[in-house]
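Chain and residue survey
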Amino acid sequence: MAEGHSLLEEDFCCPICCDIFKVPVVLKCSHSLCEECLREYWSTQLVLQCPVCRKECSADEPTRSLAFTNLCENFKHRKGTVSAIDVCAEHDEKLKLFCFEDKQPICVVCYTSKKHKDHHCAPVVEAVEDLKAEMKSGISGLRQNLQILNKSKAEFELLAGTVKDERQNVEKMLRQEFDGLHQVLKEEEEVRIASLREEEVKKYEKIKKRIETLSSEILNLSMTIQVFNEKMDMDEITFLQNYANNQYSPAKYLLPEPDIISGIDTAKHLAFLNLNLRAKMSELLKDPPLLVTLDPNTACNKLVVSEDLCSVYYVEQKQAVPDNPERLYVGVLGCQGFRSGLHCWDVEVGDNDNWTVGVVKESIERKKLLKMDPSCGMWSIRFISGKYRVGVKTRKELSLPEKPRVIRVQLDCDSGTVTFSDPTKGPSLYTFTDTFTGTLFPYLNTASTICPLRIS
């Protein structure tokens, strides 16, 4: 709007609404603004700043100037008497119609002339009503976009704190494990902690930059909405003239939703007993079996993984956890995945009255409820409502003479079998036979607060 102003008129214009000051106030940085504009602008900010120079301010800074207010009112009065903007310059008739083809207000004489023959025209009042309705729809889209950005910012702020907490928890566990192995593993310990901290720094900086970007986008979008709202308060002819100059297009300010950033790769840092490390530890550990632990980054928001990564607890209240790509909608995965060989682990179910134990494909749909079906990438056994069920399409029930307190899972990737058994009794409870492709992960889930599930 300011492009057509003279220097004198620009001196009387608020930098926020771009209109002549209404109740002007002055900040300590000497910048003047409308009192209402400044109050609305500050209502969207966490830190009070001057909208022009970004200098921090206090709530008691704005000072009214009676002399400057009078000057603005006098200038506004003089400006209104200079020329009538609602009169046709060509025919000296009142502008009563709006031509949608030419996007300009016209008089009745213009409407009957050849220039506007067969053009779609409407009375000014109707045209303003239709165009403002169109503009409101666009502003509604901007508000929705603003809500999405605010939500994303809140999630990234949560993720920033979670990444730091995860790093601290993982570092604590790393130190406990390496202390047990003394000097032999000291060098490996420091290397892994350095890698963990490097990942934290990279992700924390990335998240920090994302938050800063979102803050800037939120500020700009808030100011854009405010400017559009101010423009809608203009007199009808000015509104239509500005509309003809393509100044009203809220849709072009829509911003894309931010990409997701994952948290700390816990599984990578805690996989002490991988092949490379076991080769270094072979003399001390004599090639021990690979331990199965749980990955907290995959746990749904109603499951809590213990610090030793061996137990999982169910809680009624949803946990505030980042919605990272690897997190499940229901359940939790093991840290270790298997593509070949024979693997076995025991899950202590105890008196838990609602549990699921099995293996799943790495490629499962993680943000949806998993179906207990091999065709969906899940081989499992479940105990619920006093009944044992096998995860197949027919929902087969198992009749067991005694309630097992431990479920042993044996995965043979090469022969394509998953066997569930009670190690205290011997015979298997059920065996799946299939052809496995890709990586398979241990899977646990519970919806009971009686006791946790524990990998022993």
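Parameters and conventions
- Going along each chain's sequence as written, the residues are numbered from 1 onward.
- Restriction of local features to residues with pLDDT of at least 70 applies here, the model being predicted, together with a cutoff of 80 or more for giving and counting side-chain atom pairs; totals for whole chains, interfaces and linings are based on all residues.
- Only heavy atoms go into the side-chain values, all of them from the structure, while hydrogens and water stay out.
- Helix numbers and strand numbers start at the N terminus; a helix is a DSSP run of H or I with at least 4 residues, a strand a run of E with at least 2.
- Each residue's exposure class comes from its accessible area (1.4 Å probe, protein chains only) as a fraction of the maximum for that residue type: buried when under 20%, exposed when over 50%, partly exposed otherwise.
- The contact rule is simple, with two residues in contact once any of their heavy atoms fall within 4.5 Å.
- The axes are straight lines fitted to the C-alpha atoms, using for helices just the contacting stretch, and the angles between their N-to-C directions are given from 0 to 180°.
- By definition, turning the near helix anticlockwise from the far helix through less than a right angle yields a left-handed crossing, and turning it clockwise yields a right-handed one.
- Under this grouping Gly is polar, as are all residues other than the nonpolar Ala, Val, Leu, Ile, Met, Phe, Trp, Tyr, Cys and Pro and the charged Asp, Glu, Lys and Arg.
- At least two bridges found by DSSP between two strands are what make those strands a pair.
- Each C-beta atom gives one direction from the helix axis, and the arc is the one those directions make.
- By definition, a salt bridge exists where a carboxyl oxygen of Asp or Glu is found within 4 Å of a side-chain nitrogen of Lys or Arg.
- Any pair of nitrogen or oxygen atoms within 3.5 Å is treated as a polar contact; in protein, a donor-acceptor pairing is required on top of that, and neighbouring residues in sequence qualify only through side-chain atoms on both sides.

Per the secondary structure count, the chain includes nine helices and 19 strands. Buried positions account for 45% of the 456 residues belonging to the chain. Sequence-distant contacts, at least 24 apart, represent 63% of the contacts inside the chain between residues at least 6 apart.

Positive phi, close to 50°, is recorded for valine 23, a residue that is not glycine. Within the secondary structure layout, valine 23 lies in the loop between helix 1 (7–11) and strand 1 (24–26). What makes valine 23 partly exposed here is its relative accessible area of 35%. Positive phi is not limited to glycine here, since lysine 103 has a value of about 55°. By secondary structure assignment, the location of lysine 103 is in the loop between strand 4 (97–99) and strand 5 (104–106).

This brings us to the packing of helix 2 (residues 35–42) against helix 6 (residues 186–232). Between helix 2 and helix 6, the least distance of the axes is 11 Å, while the angle of their chain directions is 145°. The two elements helix 2 and helix 6 meet at a crossing, and its hand is right-handed. Residues Cys37, Glu40 and Tyr41 of helix 2 form the contact with helix 6, whose own contacting residues are Leu219, Met223, Gln226 and Glu230. Classifying every residue of the contact of helix 2 with helix 6 gives four nonpolar, one polar and two charged.

With antiparallel pairing, six strands are arranged side by side in an open sheet as 9-18-11-12-13-14. The open sheet terminates on both sides in strands that have one partner only, identified here as strand 9 (332–333) and strand 14 (397–398). As paired strands, strand 12 (residues 378–384) and strand 13 (residues 387–390) are joined by four bridges and run antiparallel to one another. Counted as the bridge partner of arginine 382 is arginine 389 from strand 13.

When helix 2 is considered as a whole, its buried residues turn out to be Cys37, Leu38, Tyr41 and Trp42. Viewed along the axis of helix 2, the buried residues span an arc of 125°, placing them on a single side of the element.

Here we take up the pattern of salt bridges. Enumeration according to the criterion identifies 17 salt bridges in this entry. In this structure, the salt-bridge partner of aspartate 19 is lysine 22, at a minimum N-O distance of 3.8 Å. Residue classification places lysine 22 among the partly exposed positions, given a relative accessible area of 40%. Of the charged contacts in the structure, one is a salt bridge between glutamate 397 and arginine 389, with a shortest N-O distance of 3.9 Å. Residues joined by salt bridges that share partners form a network here, namely Arg167, Glu171, Arg175, Arg197 and Glu200.

By the element assignment, threonine 419 lies in strand 16 (residues 417–421). Since its relative accessible area comes to 16%, threonine 419 is described here as buried. Among the polar contacts made by the side chain of threonine 419, one reaches the side chain of threonine 431 at a distance of 3.3 Å. Beyond its immediate sequence surroundings of up to four residues, threonine 419 is in contact with Arg408, Val409, Gln410, Ser428, Tyr430 and Thr431.

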